[in-house]
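Structural features, examined
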Amino acid sequence: PVDPPQGFKAKEIQLFSLERPHMRAFHFAWSSFFVAFTCWFAFAPLMPVVRPALGMNLKQVFAVNIASVASTITTRFLVGPLCDKVGPKRC
């Protein structure tokens, strides 16, 4: 719960609750970071397996890596302002 006389600061943290918008935002933030981190860094070590399975040449591997970085940058520019506008209030 949040206590108005204390400046709307939390009196306790219910870590496993998704009831309050603050905790929903917290859980969405760490889970999104985990997914992004896994997607970003898990692909490179798997390239020796993925490349022959998909029949990719070296030029295609470079194109996939460039597309990955470009899409990440684009997504950050699009999702960042959206998060600022919507925020945890409607999460």
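Residues numbered from 1 in each chain as written. Predicted model: local features only at pLDDT ≥ 70, side-chain atom pairs only at ≥ 80, totals over all residues. Heavy atoms only, no water.

**A short note on the overall build of the chain**
Scanning the chain for helices and strands turns up 2 helices and 2 strands. Scanning the chain from its N terminus toward the C terminus, one meets helices and strands in the order β-β-α-α. Burial statistics for the chain: of 91 residues in total, 9% are counted as buried. Considering only contacts in the chain between residues 6 or more positions apart, those separated by 24 or more positions represent 22%. (Helix = DSSP H or I, 4+ residues; strand = E, 2+ residues; numbered from the N terminus. Buried < 20%, exposed > 50% of the residue type's maximum accessible area, 1.4 Å probe, protein only. Contact = heavy atoms within 4.5 Å.)

**Comments concerning helix α2 (residues 58-86)**
Taking 1.5 Å as the rise per residue, α2 with 29 residues should run 42 Å; its terminal C-alpha atoms sit 41 Å apart, in good agreement. Where α2 starts, the residue carrying a side-chain oxygen 3.2 Å from the main-chain nitrogen of Lys-59 turns out to be Asn-57. (Expected span 1.5 Å × (residues − 1). Polar contact = N/O pair within 3.5 Å; in protein donor to acceptor, adjacent residues only side chain to side chain.)

**Re helix α1 (residues 21-54)**
Counted at 1.5 Å a residue, the expected span for α1 with its 34 residues is 50 Å, but the 43 Å between its end C-alpha atoms falls short. The sharpest bend along α1 reaches about 70 degrees and sits at Met-47, with the proline Pro-48 one to four residues further on. Looking only at α1, the buried set comprises Met-23, His-27, Met-47 and Val-50. Its buried side turned inward, α1 meets α2. With its phi angle positive at about 65 degrees, Gly-55 sits one or two positions after the end of α1. (Bend = angle between axes of the 7 residues up to and from the residue.)

**Quick look at the confidence of the model for the chain**
Looking at the chain as a whole, its pLDDT mean stands at 79, while 82% of the residues score no less than 70. When mean pLDDT is compared element by element in the chain, α2 scores highest at 84, while strand β1 (residues 2-3) scores lowest at 60. (pLDDT = per-residue confidence, 0-100.)

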